[in-house]
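Architecture and fold: a report
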Amino acid sequence: KYCHFCQHVKINMLACEAAGCTHRYCIYCLSAHLGDDVDPAASPAWTDGKWTCPTCRSMCCCSYPDCTRSHRHCKAFRYRCRRADAASMRATAAHALVSLAASADAKTDNSRPARRGEKKAD
């Protein structure tokens, strides 16, 4: 599994134990980028021996509505959003072209010349 923040596979990772959360963070991102202490005795992230991720504690930028920071996590998130928007626009445009072509075919009569290999209708 990948680190939620840097998207890399690391050896030293912590997995969130909150219900319904599947996020994992590497120790480096927790300490260097998020300023989170990973020591179970000193960190508020540990309760009853269970670790809760920064997203569930509203410390990760993905828990904010908009983040303009330029670290890898937000850049990757914005990239995925742009790609999803572009794919949606392409699908909408393709659907519009198909609909336009279908309506144009319905409006034209069937008196077109026969194509090669096609028998002409009487």
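This text goes with the structure placed above it.
Residues numbered from 1 in each chain as written. Predicted model: local features only at pLDDT ≥ 70, side-chain atom pairs only at ≥ 80, totals over all residues. Heavy atoms only, no water.

It is worth spelling out the pattern of salt bridges at this point. Tallied over the entire structure, the rule returns 1 salt bridge. The salt bridge involving Asp36 is made with Arg57; its shortest N-O contact spans 2.4 Å. Remark: Arg57 occurs in the loop between strand S4 (50–51) and helix H2 (72–107) and Asp36 occurs in the loop between helix H1 (27–33) and strand S3 (46–47); sequence separation between them is 21 residues. Given a relative accessible area of 23%, Arg57 falls into the partly exposed group. (Salt bridge = Lys/Arg side-chain N within 4 Å of Asp/Glu carboxyl O. Helix = DSSP H or I, 4+ residues; strand = E, 2+ residues; numbered from the N terminus. Buried < 20%, exposed > 50% of the residue type's maximum accessible area, 1.4 Å probe, protein only.)

A separate point is the side chain of Ser43. Residue position: Ser43 is located in the loop between H1 and S3. Given a relative accessible area of 5%, Ser43 falls into the buried group. Within polar-contact distance, the side chain of Ser43 engages the backbone oxygen of Asp37 at 2.8 Å. If we ignore the near neighbours within four places in the chain, the residues touching Ser43 are Asp36 and Asp37. (Polar contact = N/O pair within 3.5 Å; in protein donor to acceptor, adjacent residues only side chain to side chain. Contact = heavy atoms within 4.5 Å.)

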